[in-house]
Amino acid sequence: YAGDREVFGRSSGSSASSDSWPPAEFQQKSGAYEKWARPQDSSDPVFDAILKDRKIISEVEPQPGDDVIVTGDQLHRLLSHRKILHLFYTGFAANMCVPFRDYGMRAMKDRGYDITLIRDCTTAIEIADTAEGLDLTRAAVIDTELNIGYSVSSEAVIQACQNAQ
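Quantities reported herein were computed from a predicted structural model and do not represent experimental measurements.

Q: How should the nonpolar core be read in this particular structure?
A: A general feature of soluble globular proteins is that nonpolar side chains tend to end up buried together. Core analysis: the largest hydrophobic core is formed by 12 residues, namely L75, L79, L87, Y89, V98, M105, M108, Y113, I115, L117, V141 and I148. Of all elements in the fold, only α4 (72–82), β1 (86–92), α6 (105–110), β2 (114–123) and α7 (135–148) reach the threshold of two or more residues within this core. For V98, the residues in contact, after removing those within four places along its chain, are Y89, T90, G91, F92, A93, G104, M105, L117 and T122.

As structure tokens, then:
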């Protein structure tokens, strides 16, 4: 099952985008495959309004002169320009966006940066069974420590900044 790229280091001319497996109808869960589609929840007007009207909260809204990063390549160019080597991560979705976006912890670790997650300034997307104990957040911190970089408390970061003055 090896393709030309794996065997010879080159492509046979076909690309993944022209691959017909899995069938498009299966991927879209339409036609003969519609029965495997996820059930659709009924619309929730309150949630729909939140999504429609969402915006960045004023406390963290970009200000004139701030750099706004959209991609991992942009972040890498900014860090390279400023000679930054150590990255601190905080935020929501410590088990999804924070590690896996193209500017997230894993991608930036793969580019050679030192990665530190500020554990008490982040949370994972939890489910009903894990929310009370923040189990998925703890798992994300452990994954960071085992596979990506380091974790630290916000108190330790503040203390280090004060000591550096």
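Let's pick the thread back up.
Q: When you look at the pattern of salt bridges in this model, what are you seeing that I'm missing?
A: Within this structure, the stated rule accounts for five salt bridges. For R82, the salt bridge goes to D67, with nearest N and O atoms at 2.5 Å. Note that R82 is positioned in helix α4 and D67 in the loop between α3 (45–53) and α4, a separation of 15 residues in sequence. In this structure D67 comes out as partly exposed when scored by relative accessible area, which is 44%.

Q: I tried to follow the sheet that holds β1 on my own but got confused; where do I start?
A: Hydrogen bonds along the backbone pair up the strands of a sheet, which may run parallel or antiparallel. Taken together, three strands build an open sheet; the order of strands is β1-β2-β3 and the sheet is parallel. Looking at which strands have only one partner, the edges of the open sheet turn out to be β1 and β3 (150–152). For this sheet the average axis-to-axis angle between neighbouring strands, irrespective of direction, equals 35°. In terms of strand pairing, β1 meets β2 through six bridges, oriented parallel. The partner of F92 across the bridge, within β2, is T123.

Q: Looking at this structure, how should I read α7?
A: Think of an α-helix as turning once every 3.6 residues; residues three or four places apart then point the same way. For α7, spanning 14 residues, the distance from its first C-alpha to its last is 19 Å, which sits close to the expected 20 Å at 1.5 Å a residue. Within the span of α7, buried status applies to T137, A140, V141, T144 and I148. All buried residues of α7 lie within an arc of 100° about the axis, which places them on one face of the element. Residues of α7 that are exposed and point more than 90 degrees away from the buried face comprise R138 and L146.

Q: How should I be thinking about the environment of L134 in this particular structure?
A: Looking at where L134 falls in the secondary structure, it is placed in the loop between β2 and α7. With 10 residues separating them along the chain, L134 and A124 place their C-alpha atoms 7.7 Å apart. Beyond its immediate sequence surroundings of up to four residues, L134 is in contact with T123 and E126.

Q: Would you explain the packing of aromatic side chains in this entry?
A: Ring pairs (aromatic) are described by centroid distance and by the angle formed between their planes. Per the counting criterion, the structure on display carries two aromatic pairs. Residues F26 and Y33 carry aromatic rings whose centres are separated by 5.4 Å and whose planes lie at 90° to one another, so their mutual orientation is edge-to-face. On the accessibility criterion, Y33 (25% relative accessible area) is partly exposed. Taken together, the aromatic side chains of F26, Y33 and W36 make up a single cluster linked through ring pairs.

Q: Got a minute to help me understand unusual backbone geometry in this structure?
A: In most cases, non-glycine residues show a negative phi, while peptide bonds are predominantly trans. Following W21, the chain continues into P22 via a peptide bond in cis, with omega recorded as -10°. With respect to the helices and strands, P22 occurs in the loop between α1 (4–8) and α2 (24–28). Of note, the phi angle at A93 is positive, near 75°, even though the residue is not glycine. Locating A93 in the fold gives a position in the loop between β1 and α5 (97–100). By relative accessible area, A93 is classed as buried at 3%.

Calculation rules
Residues numbered from 1 in each chain as written. Predicted model: local features only at pLDDT ≥ 70, side-chain atom pairs only at ≥ 80, totals over all residues. Heavy atoms only, no water. Core = buried A, V, L, I, M, F, W, Y, C linked by side-chain atoms within 4.5 Å. Buried < 20%, exposed > 50% of the residue type's maximum accessible area, 1.4 Å probe, protein only. Helix = DSSP H or I, 4+ residues; strand = E, 2+ residues; numbered from the N terminus. Contact = heavy atoms within 4.5 Å. Salt bridge = Lys/Arg side-chain N within 4 Å of Asp/Glu carboxyl O. Pairing = 2+ DSSP bridges. Axes fitted to C-alpha atoms, helices over the stretch in contact; angles between N-to-C directions. Expected span 1.5 Å × (residues − 1). Arc of directions from axis to C-beta. Phe/Tyr/Trp six-rings, centres within 6.5 Å; stacked < 30°, edge-to-face > 60°.

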